[in-house]
Amino acid sequence: KLMMRKKKRSSSVSVDEGLASLDVPKSKKSKSTGRPSKAAVPSQVPDSVFVHMLRESGVTLRLGNMSNEIAVDQVVFQKRLQQHFRKNPRYPSIIQEFISGLETHIEEPENFRNCLLPCVPRSAGEGDGSSSSFQESLVRLLLGVEMLQTLVINTLFEKLPEFMFEGSGEDGLNIPRVIINQLKWLDRVVDCKDLSSKLMQLVSVAPIEIQRDIITSLPEILEDSQHGDMAKELNTLLQENTQLTVPILDALSSLNLSSALLAEVRGAVMSTVSAVQLEDLPIVVKFILHSISAPDAYEVVCDLRKKLELEQCVLSSKLQASQNSEKKKNTVVTTCSSKDSVALVMEIIKSAVRFQKTISEAWLKAIENVIEPEDHKVIDVLVLLILHATNANQSRRGAERVLKAKVRAGLIQESLLNKTFKGYAQVMRGYFPSILALAQGLLRSPDCCVVRFGGHMYKQAFTTFDAYSQQEAVGSLVTHVCSGVSGEVDVALELLCELVSQKPTEMSQYAVFVKGILDYMENLSPQQIRRLFHLLSSLAFGHDQHGSHIQDDMHIVIRKQLSSTVPKYKRIGIIGAVMMVGSMGARRSKADSQGGTLPKDTHRQVTALLELVRSCSEGSAEGASLYYDELANLLQTCKLDPLVQVWIGKSVLEDFQEDFVVDLGPELTGSFPFPTSVMYNLDEDESQGGIAINLLPLMAQDAPHRADTHPTTSQRNGRHVSPLCLSSFFRLLRLCEEEQHQGDLEEIDALLGCPLILTDMEVVEKLESLSKVEREFLCSLLFYTINWFREVVNAFCRQMDPEMKMKVITRLQNITYLQTLLETCLAASPGYTPPMANFDCESTEVMPPSSAAPAKKGKKVFVFIKEMWHGVFQSLLGKRGKPQPVKTLQETARSLRRLQRQMSLYRHELISDTIIISEHPEKEKEVKAGVNLSSYWPFFRELDIEVMNVLQCGLLSRSILDTELHSKVREEVQLGVSELVFLLEDMWRKLDFSLTASPAKKAPFLKVKADKAVGFSHLQQKSSKDVATWCIQLLPTLCTHLENCHNHFQTLLNEKQGVVDAPGVDVKEQQLMSSAYHLLLQVLHTTFSWSGFSQTEQRILLKSALGVLAKRLKEEETDQTLEQLIKNGFEYLLNFRSTVPNLNTALCLTQLLTVLSHYGTSNHSFYREHTASLAKHFLCQEWVTVSGSKERGNKHNDALSSLLSIYLHHADDVLRAVEEIAAEGISELMNAAKDASSRSWPTLSRQTFLVYYKVMMAELEKSVRKLPPGKQTDSTEVQSEKLLTWNLAVRDFHVLINLVKVFDSRPVLNVCLKYGRLFLESFLKLGMPLLDYSFKKHKEDVQSLLKTFQLSTRQLHHMCGHSKNRQDTSLTNHVPALKKSLEQFVYRVKAMLTLNQCQEAFWLGNLKNRDLKGEEILSQRSQESEDDDEESSQLPEGQNEEEESDAEAKENGHHDEVEEENSEVSD
């Protein structure tokens, strides 16, 4: 009966509820997979305990495709079900029966599927229960019942393996995934540990897809209590199976872990970075970066940076792509996936940097702390770009700073940049704005290495990226060119030229942008104009003529400039036209039938342009000379078409002979300012008639036609001739001859030895009797002659014939002799303007030095004294002319005394030069007559660098034959000291211009008169590397000359027993030898200081240069390492220490050794010790001039300052070194006579005391600034050592401060106030923390240190009062900041005592204002009130005047002075 009743009830329920559920399957129709619907005939579920209890609770089971129905709310169902269980008499066994029924029901896959899918609500009309729109699945509802949860979970896990390998069904349902989803977000997990154990067991046997599903679901399944244990298991699994990296990291990032466990997990994850799959790498990086905490950010980022090998990622992807090369699709997919993965990694880093300040700082610090070039990786460049692009936490400035520092140090090199652009172009393209901004910033740097790197960024961006990026890069370079800053303009033009030569087709698209520079030629130098027109001409007239659309614009601009009457624009036109000829007339690969390589039309255009330039330039001598010079440069630097070369040189020789050469014969007739004479003939022994350069007559013809200072041209047979064109025309002639005869100058070799028609140079001795016009004519004659000889030496210096070499040396001797005459003439011709010699610049840019300079100084002094007197009278009479009170008159009296001292000071300065001259009356005439020719440098023709090969010439000789061709006499010629000095001066100027990195300065507001590039036009055609290579080739010769100078002075010292000014010493020869010695060391110093040697690609060049020095020391050794070469070169140069003739040369030698030591990576102690020893040796040596007087003057003081700085910088202990000088040298100086020096330090005298004092104060302050600050974690020994160092520093400071009492001049006070404040600030910042932590353990040391320091600060306070009393603005400028630091010190000591529970030992008293001598300064207020008791009212009785000014700290019965507090009441 029971069974029948159950069946009947079941049947009735099914029938009754069937109609109500007819609509439900309609919503499931789409999932029926085409089978006929069973909704019309409801399936009956066999009755059981399971079915019955569900029905009683409100859930009706359905079969087939029909979803289970729920009639009540889910919570109501779970509550009813629990009640049914508890009320059942068979509880708790009924639960097992219920689970058995569940197992039986889900044996059918269709039923199991229904139980996993959501139930559907019964129609609202039936039943009285309400239900929500979304219902959970039956399994999910049962899992919410705590008494069933564990058993249901077990049932699910037993059922899951059946579907493990089936995957998704026809309806797209993945049963294992649905089962896992049932376990998510349960309100409560009864046995979480067991559940996690079962899940991990399942992971160990499940396929990879199910493993991923389970692992990613773990954070949503487990409770927080199990997160730690699960993280450990996942960590273990991660190391065993890298395929699960992504899901494990996804799960770990969602688990709630402790910081220690997180660090452990992160460490394990970090170890897998190098082995992880490329596509999984972004997830790994994301997990690591998102799990960083602030304290360990730097360490984690450093570790990640080391493990993140992007280079291997790209290589592995390429390898995989090559293995799949037969399948093109696979190749594309692989390559793209690698690039995408790297891009994703960068995006993750970008996100982390943007939102976490600690990570951006950690990345910057990690990159900054890499100290080896090979340790830098692609990731560094990319991260710097990210930091610059995001600008998170102001990281843009930091990225720029780090990149500049790394490039400057040679750590990030161009090879790394190339690798980054080549392998990661897609990633880099996303940061193009940052690349462009960084390149712009680097290009504006004053450091040439940094500028070069910025230029490389531009090139890589142009060659790697798309058309838009190329356009932006070209636009940015054009902006640099138009900026007006010389450094930027040079580099940008050079980059544009390189791009045109390497990528002509691409650059032709942007020719219009480049053409826009023509509107900004106003501020370009001649060399920059040459490059600009070369650039535009290459674009417009190149072989392929991609940029032919700008040809017409080029012609229009050139014609417009040439037709201008303004010399500046005509000069631009001449330079531009000749550069256009170079591009249009360049030699092509194939020659035509006429022997040329140009098309006829192009050849016609070239000749027409040359004719136009010549016709436009003939109007002025400067224009013609510039035309000749530019054509000569073109022949020297470009390979022109043969027909163009023939056209240029067709009439040069004939025209030169006709214009400037005459035959030697009868006397010249005509009226000349001076009698003519044939001078400097080197071919007198030749029997045939000779020729001469017709210089003086040409000048005489040209003189009446002068207008202002610009010589016009005189006319001869229809041609215009001017002596101004002589040197330029000859240069063009020489280069045409070299081109036509392959370097042989036999056709014009007579010009080397031919004489000039001048006047007898004895006229120089009669300068006083000549008129101003005659003196200026004579000066011009000498300038023209010297420039002719300079150009002759340029022409023939490369000839190998010994006789020609002799003539070249003779011409150099002529030049040096004529220069001495010119110095005398210039001294007698004030205001004279020489004729131009370099025509590619403004005449105003090469103005001669003004002779009115001394008057300006006198005027300045006069104005100063006038203003002082005016101030005195104003103070006497008042603003309205009324007499002032007596007290004001007292102040005025002090002002009068101060004025008297100032006047005496300036009087001493004004007459100091006269005093020096009067001490040597025998040299008075020489001092007055001499003029330094270095200031007239722009008015001489430029020497080619090939002229320096003359330095290699030894003793040259030839036999002079008589008429019967018998050897008559042997003539010998040798390079003299004067010629050596002349060549070395020119060589040093060239090296200083080419190899010394000049900072890229901003364009000045007012145009500077002198252009430093004037006179280096030929040198600018060569790169700095070419110049350095050429100099290294001459190094053996330079070393030989250096050794000769050394031997000369060594012999002199041996013969004269070390007395420099002994009788019989040739003063002039010694001066020349000293100059040669100094110049040789300067040349070596400039060469080895070249910044290019720091680049890895120039290391071979550096090694060869050092090899030359090393071989001079040890000939037999070969194949030495760079370190050995540096050490041997250092030791070689060290041998010259005993013979340096003056302090400037000693400084140059020391600086040269310092430069060499910087290239070494080891033996630092060896170099420091020897450099310090050498500098001290020079400082302890007495330096006298050749005449026997002590060296003095500004140059001597500057050299002494630099040498002392080098000594203190390289000394083992700066503090001990300062103490030694102060204790020995200055003490001896104070006890010595007025003009005497210190015995231990002969360079220390009263005249050089300020130099010593300033350097010692500066180095003392710099050394304490580098001391490590005190830390609480320091051990007792470390604290003692630091206290000892600070005690020594404070003692040195005290000694130096007290010297002001003896040497109280204004400059000494100025130095003391400036560096006293800086020392005090360093003590507050670095020393006081040390006292905070060491006070208790080292109380006596701290008290002693403070007592010594207080004596110094009190003296500083007196100096402040003295400065304000004197009202000297140069001193009072330092007072406010110093007073502030003194006050901070008082309160900082109080804070230190409070920290150590000794605040009662501190109290403050008011400090009186005193001057340097300790006398009280009475302020105006105190005088008016006459209340002297105000300051002592707070002080106990019995204290003397000195104690009144102290703020005392009393500790353990001791009265230790801490510091003063200034309570000054003056206005």
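Predicted, not measured: the structure shown is a model, and the values here were computed from it.

Thresholds, definitions, all that
- Residues numbered from 1 in each chain as written.
- Predicted model: local features only at pLDDT ≥ 70, side-chain atom pairs only at ≥ 80, totals over all residues.
- Heavy atoms only, no water.
- Pairing = 2+ DSSP bridges.
- Helix = DSSP H or I, 4+ residues; strand = E, 2+ residues; numbered from the N terminus.
- Expected span 1.5 Å × (residues − 1).
- Buried < 20%, exposed > 50% of the residue type's maximum accessible area, 1.4 Å probe, protein only.
- Contact = heavy atoms within 4.5 Å.
- Phe/Tyr/Trp six-rings, centres within 6.5 Å; stacked < 30°, edge-to-face > 60°.
- Lys NZ or Arg CZ within 6 Å of the ring centre and 35° of its normal.
- Core = buried A, V, L, I, M, F, W, Y, C linked by side-chain atoms within 4.5 Å.
- Axes fitted to C-alpha atoms, helices over the stretch in contact; angles between N-to-C directions.
- Parallel < 35°, antiparallel > 145°, perpendicular 65-115°, else oblique.
- Nonpolar A, V, L, I, M, F, W, Y, C, P; charged D, E, K, R; others polar.
- Salt bridge = Lys/Arg side-chain N within 4 Å of Asp/Glu carboxyl O.
- pLDDT = per-residue confidence, 0-100.
- Patch = residues over 30% accessible without salt bridge, like charges linked within 9 Å, V, L, I, M, F, W, Y side chains within 5 Å.
- Areas by Shrake-Rupley, 256 points an atom, 1.4 Å probe, with all protein chains shown as cover.
- Lys, Arg positive; Asp, Glu negative; His and termini not counted.
- Charge placed at Lys NZ, Arg CZ, Asp CG, Glu CD.
- Disulfide = S-S within 2.5 Å.

Asks: I keep staring at the sheet that holds strand β3 (residues 120-121) and nothing clicks. Help me out?
Replies: What holds strands together in a sheet is hydrogen bonding between their backbones, with the strands either parallel or antiparallel. Sheet architecture is open: three strands sit in the order β1-β2-β3, paired in mixed fashion. The open sheet terminates on both sides in strands that have one partner only, identified here as β1 (59-60) and β3. Across two bridges, β1 lies against strand β2 (residues 69-70) in antiparallel orientation. Looking at β2, one finds that V59 is bridged to I70.

Asks: Looking at this structure, how should I read helix α11 (residues 208-221)?
Replies: A rise of 1.5 Å per residue sets the reference length of α11, with its 14 residues, at 20 Å; its end C-alpha atoms lie 19 Å apart and thus fit the reference within 8%. Along α11, the residues classified as buried are I210, Q211, D213, I214, I215, S217, L218, P219 and I221. Those residues of α11 that are buried are in contact with α9 (175-182), α10 (192-205), α12 (227-240) and α13 (245-254).

Asks: Is there a simple way to explain the pairing of strand β9 (residues 756-759) in this structure?
Replies: It is a general feature of regular strands that their side chains alternate between the two faces of the sheet. What you see with β9 is no split at all: L756 and L758 on one side and I757 and T759 on the other are buried throughout. Sheet topology places strand β5 (residues 676-679) next to β9; four bridges connect them, and they run antiparallel. Across the sheet, the residue bridging to V678 is I757, located in β9.

Asks: Would you explain the packing of aromatic side chains in this entry?
Replies: Geometry of an aromatic ring pair is reported as the spacing of the ring centres plus the angle between the planes. Following the criterion strictly, the structure yields 44 aromatic pairs and no others. Note on F432 and F465: the rings are 5.7 Å apart at their centroids and 85° apart in plane angle, and the pair reads as edge-to-face. Of this pair, F432 sits in helix α24 (residues 432-443) while F465 sits in the loop between α25 (448-464) and α26 (467-481); the two residues are 33 residues apart in sequence, bridging distant segments of the chain. F465 shares its class with F432; the two are buried. Ring geometry for Y510 versus F513: centroids 6.4 Å apart, planes at 45°, classification tilted. Judged by its relative accessible area of 37%, F513 falls in the partly exposed class. By the ring-pair criterion, three or more aromatic residues cluster together here, those being Y627, Y628, F656, F660, F729, F730 and W788. Directly above the aromatic system of F112 lies the positively charged group of K159, at a separation of 5.7 Å from the ring centroid. The ring of F1166 carries K1127 above its face, with NZ or CZ at 4.9 Å from the centroid.

Asks: I keep staring at the nonpolar core and nothing clicks. Help me out?
Replies: A general trend in soluble globular proteins is that nonpolar side chains are found buried together. Counting residues in each nonpolar core, the largest one holds 418 residues, and the members touching the most others are L148, I349, W363, F1088, L1133 and W1286. Not counting residues within four places of it along the chain, the set of residues in contact with F1088 comprises L1035, F1093, L1102, A1105, L1106, L1109, L1152, V1155, L1156 and Y1159.

Asks: Explain the packing of α10 against α12 to me, please; I cannot follow it from the model alone.
Replies: Between α10 and α12, the least distance of the axes is 11 Å, while the angle of their chain directions is 10°. Our classification of the angle between α10 and α12 gives roughly parallel. In this structure, α10 contributes S196, M200 and V203 to the contact, and α12 contributes M230, E233, L234 and L237. For the contact of α10 with α12, the class distribution of residues is five nonpolar, one polar and one charged.

Asks: Explain the pattern of salt bridges to me, please; I cannot follow it from the model alone.
Replies: Pairing between side chains of opposite charge can happen when their charged atoms approach one another. One pass over the structure, following the stated rule, counts 49 salt bridges. Among the ionic pairs, E97 bridges to R90, the shortest N-O distance being 3.0 Å. E97 sits in the partly exposed class, given a relative accessible area of 30%. For R90, a relative accessible area of 40% corresponds to the partly exposed category. The shortest N-O distance in the salt bridge between K159 and E162 comes to 3.2 Å. Of the residues examined, K159 reaches a relative accessible area of 8% and is grouped as buried. Residue classification places E162 among the partly exposed positions, given a relative accessible area of 47%. Here the residues in one salt-bridge network are D629, R731, R734, E738, E791, R798, R941, D944 and E946, joined through shared partners.

Asks: Looking at this structure, how should I read the confidence of the model for the protein chain?
Replies: Segments scoring low in pLDDT should not have their predicted coordinates read at a detailed level. Scored by pLDDT, the protein chain has a mean of 79; 78% of the residues are at 70 or more. The element-level mean pLDDT for the protein chain is lowest in helix α62 (residues 1441-1444), coming to 34, with helix α51 (residues 1143-1159) highest at 94. Contacts for the low-pLDDT stretch residues 323-336, under 50 throughout, to residues beyond four places or in other chains number nine contacts. Low pLDDT, under 50, characterises residues 904-929; the predicted model gives this stretch 12 contacts beyond four residues in sequence or across chains.

Asks: Help me out: how do you make sense of the environment of L735 in this one?
Replies: Locating L735 in the fold gives a position in helix α38 (residues 726-740). Separated by 103 residues in the primary sequence, L735 and A632 place their C-alpha atoms 6.3 Å from one another. The residues touching L735, leaving out its near neighbours within four places in the chain, are A632, L635 and Q636.

Asks: What am I meant to see in a negative patch on the surface here?
Replies: A cluster of acidic residues, E103, E107, E108 and E158, forms a negative patch on the protein surface. On the secondary structure map, E108 appears in the loop between α5 (93-105) and α6 (109-116).

Asks: When you look at the packing of helix α8 (residues 146-159) against α10 in this model, what are you seeing that I'm missing?
Replies: When two helices pack together, their arrangement is captured by the angle between the axes and the distance separating the axes. Where α8 meets α10, the axes come as close as 12 Å, and the angle between the chain directions of the two elements is 0°. Of the possible angle classes, the one that applies to α8 and α10 is roughly parallel. Taken together, the residues of α10 that come into contact with α8 (itself represented by I153, N154 and F157) are D194, L195, K198, L199 and L202. Of the residues in the contact of α8 with α10, the class split is five nonpolar, one polar and two charged.

Asks: Please explain the state of the cysteines as it appears in this structure.
Replies: As used here, a disulfide is simply a covalent bond connecting the sulfur atoms of two cysteines. For the structure shown, the criterion picks out zero disulfides. Unpaired in this structure, C779 has its nearest cysteine sulfur neighbour in C825, at a distance of 4.9 Å. Look at C779 and you get buried, because its relative accessible area is 0%.

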